[in-house]
Amino acid sequence: MSRLRTRTRPPVALALPALLAVAFLLMPLIGILVRTPWGDLGEHLGSPGVVEALKLSLLVSLWALGLSLVLGVPLAWLLARVEFKGKALVRSLVLLPMVLPPTVGGVALLLGFGRRGLLGPWLEDSFGITLPFHTSGAVVAATFVAMPFLVISLEGALGGLKQSYEETAASLGASPVRVFFTVTLPMVAPGLVAGAALTWARALGEFGATITFAGNLPGTTQTLPLQVYLLLQDQPEAATSVSLLLLAIAMAVLIALRGRWTGTPIDRGAVTTPRTAPEEAPAPAPASEPDEGPDAAGAAPARSAQTGHWPLHATVTGFNRLTLAAEPGTTIAVVGENGAGKTTLLRALLGLTPRAHADLRLGDADVTALPPHKRQVAWVPQDGALFPHLSALANTAYGLRARSVPRADARREAQAWLDRLGVGHLAQRRPSQLSGGQAQRVALARALAARPRLLLLDEPLAALDQTTRAHVRHTLRTHLAGFGGVCLIVTHDPVEAVSLADRVLVLADGRALQDAPPAEVSRHPRSPWVARMLGRNAWPGIASADGLALAAGGRLVVAEALPEGDQALAIIAPEAVSVHRDRPGGSPRNVWRGTVREITAVGSRLRVLIASPDAPDLVAEITPDAAAELGLADGAEVWTSVKATEVTLVRL
Ligand SMILES: Nc1ncnc2c1ncn2[C@@H]1O[C@H](COP(=O)(O)OP(=O)(O)OP(=O)(O)O)[C@@H](O)[C@H]1O
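Cut-offs applied
Residues numbered from 1 in each chain as written. Predicted model: local features only at pLDDT ≥ 70, side-chain atom pairs only at ≥ 80, totals over all residues. UniProt positions renumbered as here; feature names shortened; annotations may be inferred. Helix = DSSP H or I, 4+ residues; strand = E, 2+ residues; numbered from the N terminus. Rg over C-alpha atoms; globule rule 2.2 N^0.38 Å. Buried ≥ 20, exposed ≤ 12 C-beta atoms within 10 Å, placed from the backbone. Contact = placed C-beta atoms within 7 Å. Pairing = 2+ DSSP bridges. Axes fitted to C-alpha atoms, helices over the stretch in contact; angles between N-to-C directions. Core = buried A, V, L, I, M, F, W, Y, C linked by C-beta atoms within 7 Å. Domains from an automatic or database assignment. Near = placed C-beta within 6 Å. Nonpolar A, V, L, I, M, F, W, Y, C, P; charged D, E, K, R; others polar. pLDDT = per-residue confidence, 0-100. Expected span 1.5 Å × (residues − 1). Bend = angle between axes of the 7 residues up to and from the residue. Parallel < 35°, antiparallel > 145°, perpendicular 65-115°, else oblique. Left-handed = near helix turned anticlockwise from the far one by under 90°.

- Per an unreviewed UniProt entry, the protein chain carries the name ABC transporter ATPase and comes from Streptomyces virginiae.
- Regarding the protein chain, the relevant UniProt record gives this comment under Sequence similarities (unreviewed entry): "Belongs to the binding-protein-dependent transport system permease family."

Here it is in structure tokens:
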């Protein structure tokens, strides 16, 4: 409490002018309140002139709002989503009416749309429309000054919306217009509503442009603000009453919005109710879950939609340069260091990036020229990107609905997929009410239900803890087994890659460094990074007559040498490294002196990192008993040795 007070107490030099500012803004409002003839208020507001002006104001402001929505929403989308030349100029144009004096706006409107303006004669001759001195002119004037509020508010909301939602929707088969109405708009609804309310309030209060452009004709263009102006001259008290009405409306709008007018897109944590899932902890699949057996019993309805076999042929150019071919049912793990081009590869296959281009054939269909929503390439981004405004069931049915499957059928099939993945009982939950593991499974169900021919999973297990990870991995393997297309899984975890995939594609700098079965990759990793991630020691060097001249200096003797001069990687399993207190006797050829730098427990064994002046860092794996016997501790001086037969050389 006291901490709060001290933290929020502002310095007087700032507090004083700030208070003055508040007083300055408040004084005119208090003036209205104090001078309002409360006794005559009803009479003033009920007078025929005021009622007529009020009706006109409502009519004009609602039309202005409607026009702003029709024109401003697409404009905001364009500004937020499309890169084009002159965008800054268009944005300035949108903002202009906000800073322009409204009377100048009125003059500009006259010169543009007035009787003698640029478009006026044409409007009159072709459509019989005359704007000045007509209600339609008041609508145009109000729209001109009010629409920027909508565009700015909505553009802000769209800018804050993660694009992966829209991209995922497209990958599920939804056309851009469908994505806009079913994903984009619902997700930016708060920003849109706020923008619309401000637009309406601004249109309701519009004066300068209206009087200049449309004139001040009672019943035709004389809206409430214009009436205030008129009343002020002969009935100042009535003017005060009407001012109070407009003030109350404006305040009501602002209070209702509570500062949300810059637009806040919905995000996963911020939607609806707080997370109330009883299975907050990584939920093991319920006992009744139909998916655990190898022969998933609940598969029938869903699997009927999954007939077909789609081999993959892709040639990727641009940042990624590689060719991929795989038989139906193959799962390929894509691994590589940060920046290796894994995501770019997936986005190229989806047709979502200009950075790489994929010539893509799925089964008999060449989908290269098709837009993302027609490719039947489903994507599960890292965070799942479940649509927060839809239930798990509606999320899962999304792709089917996008393919015009009738609602009831789509929901039935979606429920079957959720059941298969063991989350059928969560069908009615919103994504914010799901645990990470549950959300991942729903995201997977959603992708599979969309009947894809190629499935792309971007680190599907990254956000999960170890227990859930093992469980979801199992589920994933079971369900990918029945999939008739190819599945690419991006992962940073080679262990995961090895356990999940039929093939491992190792990327480096956009190219395929290795594309081989997991056993081959773990035995002969061709990348030091993969070898190290798999827990192996990996030393690069150049093959010599009896082994390897290490890139970092020093030599390594091996039993099976490679042709001299070849670039190679020496792989040494940590279990093959012997640790000694004293220099070992006999004749091991690879012996180094070193210092223990770190000891970590891995299961029931210890991993010991040993730094040596004569060789690269070496990891040894030993039992805790052996470590105790050797008296190992950080900083201990030791000797290490590796038999020549225990070193595998992999040509790079
Ligand atoms: N929009 C972009 N514009 C320019 N360069 C980009 C863009 N996106 C990615 N890159 C660059 O392209 C390369 C590959 O990026 P990519 O995101 O595909 O790698 P990644 O393997 O998925 O990495 P990470 O494991 O970090 O996700 C990186 O060098 C990255 O900096």
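What follows picks up the thread again.
## Here we look at the overall build of the protein chain
(1) Moving on: Looking only at helices and strands, the protein chain has 24 helices and 20 strands in total.
(2) Moving on: Relative to a compact globule of 652 residues, whose C-alpha radius of gyration would be 26 Å, the protein chain shows 35 Å and is clearly more extended.
(3) Moving on: Expressed along its principal axes, the backbone C-alpha trace of the protein chain runs to roughly 115 × 65 × 50 Å.
(4) Moving on: Looking at the protein chain as a whole, 44% of its 652 residues qualify as buried.
(5) Moving on: Relative to all contacts within the protein chain whose residues are 6 or more apart in sequence, the contacts with residues 24 or more apart total 72%.

## Overview of the sheet that holds strand β20 (residues 647-651)
(1) Moving on: The five strands are arranged β13-β12-β11-β14-β20 in an open sheet whose pairing can be described as antiparallel. The sheet terminates laterally at β13 (555-557) and β20, the two strands that pair on one side only. Each adjacent strand pair in this sheet contributes to an overall mean axis angle of 40°, direction not counted.
(2) Moving on: In the sheet, strand β11 (residues 537-543) pairs with strand β14 (residues 567-572) via six bridges, with the strands oriented antiparallel. From the neighbouring strand, Trp 539 faces β14, where its bridge partner is Ala 570.

## Here's the deal with the pairing of strand β1 (residues 312-318)
(1) Moving on: Sheet topology note: the β1/strand β4 (residues 356-362) ladder contains seven bridges and is antiparallel. Paired with Leu 312 across the strands is Leu 362, a residue of β4.
(2) Moving on: Two strands pair when backbone bridges link them, and β1 and strand β2 (residues 322-326) are joined in this way by five bridges, in the antiparallel orientation. Counterpart to Thr 315 in the pairing with β2 is Thr 323.
(3) Moving on: In this structure, the hairpin formed by β1 and β2 is closed by a connection of three residues.

## Focus: the pairing of β14
(1) Moving on: With five of six residues buried, β14 lies mostly within the body of the structure.
(2) Moving on: Looking at chain direction, β14 and β20 are connected through five bridges and run antiparallel. Across the sheet, Ala 570 pairs through a bridge with Leu 649, a residue of β20.

## Comments concerning the nonpolar core
(1) Moving on: Ala 141, Ala 333, Val 334, Leu 349, Leu 418, Leu 456 and Ala 570 are the most contacted members of the largest nonpolar core, which has 165 residues in total.
(2) Moving on: Examining the composition of this core, we find that 16 residues originate from one element, helix α8 (residues 135-159), more than from any other.
(3) Moving on: When residues no more than four places from it in sequence are discounted, the contact partners of Ala 141 are Gly 106, Leu 109, Glu 206, Ala 209, Thr 210, Phe 213 and Ala 214.

## Some details on the domain arrangement of the protein chain
(1) Moving on: The assigned domain composition of the protein chain is domain 1 (1-27), domain 2 (36-262), domain 3 (299-516) and domain 4 (535-651).
(2) Moving on: Between the C-alpha centres of domain 1 and domain 4 the distance comes to 66 Å.

## A closer look at the site of the ligand
(1) Moving on: Neighbouring the ligand are the residues Phe 319, Gly 336, Asn 338, Gly 339, Ala 340, Gly 341, Lys 342, Thr 343, Thr 344 and Arg 355.
(2) Moving on: Of the residues belonging to the shell around the ligand, the class tally is two nonpolar, six polar and two charged.

## Section: the confidence of the model for the protein chain
(1) Moving on: Per-chain confidence: the protein chain averages 84 in pLDDT, with 90% of residues scoring 70 or above.
(2) Moving on: Mean pLDDT per element in the protein chain: helix α15 (residues 300-304) is the minimum at 38, and helix α17 (residues 392-402) is the maximum at 95.
(3) Moving on: This prediction of the complex comes with two scores: 0.73 for pTM and 0.95 for ipTM.

## A closer look at the sheet that holds strand β17 (residues 605-611)
Two modes of strand pairing occur in sheets, parallel and antiparallel, and in both the strands are linked by backbone hydrogen bonds.
(1) Moving on: The strand order across the open sheet built from five strands is β15-β19-β16-β17-β18, with neighbouring strands paired in antiparallel fashion. Sheet topology places β15 (578-580) and β18 (618-622) at the edges, where each strand pairs with a single neighbour. Between one strand axis and the next, the sheet turns through 45° on average, direction left out of account.
(2) Moving on: Bridge count between strand β16 (residues 590-602) and β17: seven bridges; the pairing is antiparallel. Considered in β17, the bridge of Ile 599 is made with Val 608.

## As for helix α5 (residues 87-99)
(1) Moving on: An ideal rise of 1.5 Å per residue puts 18 Å on 13 residues; α5 measures up with 19 Å between its terminal C-alpha atoms.
(2) Moving on: The largest bend in α5 amounts to roughly 25° and is located at Leu 93, with the proline Pro 97 lying one to four residues further along.

## So, the packing of helix α2 (residues 12-35) against helix α14 (residues 236-257)
The axes of two packed helices give the description: the angle between them and the distance between them.
(1) Moving on: With their axes 9 Å apart at the nearest point, α2 and α14 run at an angle of 130° to one another. Considering the angle they form, α2 stands oblique to α14. In the crossing of α2 with α14, the sense of the turn from one axis to the other is left-handed. On the side of α2, the interface is formed by Leu 29, Ile 32 and Arg 35, while α14 contributes Thr 240, Ser 243, Leu 244 and Leu 247.
(2) Moving on: Among the residues forming the contact of α2 with α14, the class breakdown is four nonpolar, two polar and one charged.

## Some thoughts on the packing of helix α9 (residues 163-171) against helix α10 (residues 176-187)
(1) Moving on: Look at α9 against α10: their axes get within 10 Å of each other, and the N-to-C directions meet at 160°. By the angle between their directions, the pair α9 and α10 is classed as roughly antiparallel. For the pair α9 and α10, the sense of crossing is right-handed. Touching Tyr 165, Glu 166, Ala 169 and Ala 170 of α9 are Val 179, Val 183, Thr 184 and Met 187, all from α10.
(2) Moving on: In terms of residue class, the contact of α9 with α10 is built from six nonpolar, one polar and one charged.

## Notes on the environment of Gly 66
(1) Moving on: Mapped onto the secondary structure, Gly 66 falls in helix α4 (residues 48-81).
(2) Moving on: You can call Gly 66 partly exposed: it has 14 C-beta atoms within 10 Å.
(3) Moving on: Considered as a pair, Gly 66 and Leu 480 are 414 residues apart in the sequence and their alpha carbons are 49 Å apart.

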